[in-house]
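Spelled out from the first residue to the last, the chains are:
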Amino acid sequence: QVQIVESGGGSVQAGGSLRLSCVASRTTLSIKAMGWYRQAPGQQRELVAVASSGGSTNYADSLKGRFTISRDNAKNTVYLQMNSLKPEDTAVYYCNLKFYYNPNHDYWGQGTQVTVSS
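Please read all numbers here as calculations on a predicted model, not as lab measurements.

Peer 1: Explanation requested: the overall build of the chain in the structure shown.
Peer 2: Counting its secondary structure elements, the chain contains zero helices and eleven strands. Taking 13 Å as the expected radius of gyration for a compact globule of 118 residues, we find that the chain reaches 14 Å, a close match to that expectation. Along the three orthogonal principal directions, the C-alpha set of the chain runs to about 45 × 25 × 25 Å. Considering the chain as a whole, with its 118 residues, one finds that 42% of them fall into the buried category. Put simply, of all contacts in the chain between residues at least 6 apart along the chain, 54% involve residues at least 24 apart. Surface exposure of the chain reaches about 6,300 Å², of which carbon and sulfur atoms provide 44%. Put simply, the chain has 11 plus and 7 minus side-chain charges, and the middle of one group is 5 Å from the middle of the other.

Written as structure tokens, this is what we have:
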């Protein structure tokens, strides 16, 4: 069973930066996409950014320019650099995986809390 572990969350003041990391382990299967979603209290989970194994990336329009996703395929790791953080970025951030063998199935990490204070 794949293990997905996120790290790097925490509390920061508005305008600050955080870098999230997500490592997928206990799998030899090829990962098609790794990405980040977030869920604020009372809100639905939403896409933040996704990186494919081929290097293409996709961002939520509202986050372009502030957030940057990167991926190390050899390490099954994906990163999210978050700059110029705003209080509305406060949420639980979840790592998401899709494997080539079953790209319609989502695998999720436990989530890491990001809190931005004004």
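Peer 1: Looking at this structure, I do not really get the nonpolar core. What am I missing?
Peer 2: Looking at soluble globular proteins, one finds that nonpolar side chains tend to be buried together. In terms of nonpolar packing, the biggest core is built from 30 residues, with Trp36, Leu80, Met82, Tyr93 and Leu97 touching the most fellow members. Only strand 3 (18–25), strand 4 (31–39), strand 5 (46–52), strand 7 (67–72), strand 8 (77–82), strand 9 (91–99) and strand 11 (112–117) provide two or more residues apiece to this core. Looking at which element gives the most residues to this core, the answer is strand 9, with five residues. Once residues within four sequence positions are removed from consideration, Leu97 is found in contact with Val2, Ile4, Ala24, Ile31, Ala33, Met34, His105, Asp106 and Tyr107.

Peer 1: Would you explain the pattern of salt bridges in this entry?
Peer 2: Side chains that carry opposite charge are capable of pairing whenever their charged atoms lie near each other. Taken as a whole, this structure holds five salt bridges when the rule is applied. Of the charged contacts in the structure, one is a salt bridge between Asp89 and Arg38, with a shortest N-O distance of 2.9 Å. Here Asp89 is found in the loop between strand 8 and strand 9, whereas its partner Arg38 is found in strand 4, with 51 residues between them in sequence. In this pair, the class of Asp89 matches that of Arg38, namely buried. Of the charged contacts, one joins Lys98 and Asp106 as a salt bridge, the two residues approaching to 2.3 Å between their closest N and O atoms. By sharing partners, the salt bridges in this structure join Arg38, Glu46, Arg66 and Asp89 into a single network.

Peer 1: Would you explain the pairing of strand 11 in this entry?
Peer 2: Remember that side chains alternate between the two faces of the sheet whenever the strand is regular. Here strand 11 shows a clear split, with Thr112, Val114 and Val116 buried on one side and none of Gln113, Thr115 and Ser117 buried on the other. The pairing of strand 2 (residues 10–13) with strand 11 spans four bridges and is parallel. The residue of strand 11 that forms the bridge with Gly10 is Val114. Here three bridges tie strand 9 to strand 11, and the two strands are oriented antiparallel to one another. Bridging across to strand 11, Tyr93 finds its partner in Thr112.

Peer 1: Help me understand the state of the cysteines in this model?
Peer 2: Such a bond, covalent and formed between the sulfur atoms of two cysteines, is termed a disulfide. Summed over all chains, the structure comprises one disulfide. Between the sulfur of Cys22 and that of Cys95 lies a disulfide, 2.0 Å long from S to S. Looking along the S-S bond of the Cys22-Cys95 disulfide, the torsion reads about -80 degrees, which is the left-handed sense. One end of the pair, Cys22, is in strand 3; the other, Cys95, is in strand 9, with 73 residues separating them in the sequence. Side by side, Cys22 and Cys95 carry an identical accessibility label, which is buried.

Definitions and limits used
- Residues numbered from 1 in each chain as written.
- Predicted model: local features only at pLDDT ≥ 70, side-chain atom pairs only at ≥ 80, totals over all residues.
- Heavy atoms only, no water.
- Helix = DSSP H or I, 4+ residues; strand = E, 2+ residues; numbered from the N terminus.
- Rg over C-alpha atoms; globule rule 2.2 N^0.38 Å.
- Buried < 20%, exposed > 50% of the residue type's maximum accessible area, 1.4 Å probe, protein only.
- Contact = heavy atoms within 4.5 Å.
- Areas by Shrake-Rupley, 256 points an atom, 1.4 Å probe, with all protein chains shown as cover.
- Lys, Arg positive; Asp, Glu negative; His and termini not counted.
- Charge placed at Lys NZ, Arg CZ, Asp CG, Glu CD.
- Core = buried A, V, L, I, M, F, W, Y, C linked by side-chain atoms within 4.5 Å.
- Salt bridge = Lys/Arg side-chain N within 4 Å of Asp/Glu carboxyl O.
- Pairing = 2+ DSSP bridges.
- Disulfide = S-S within 2.5 Å.

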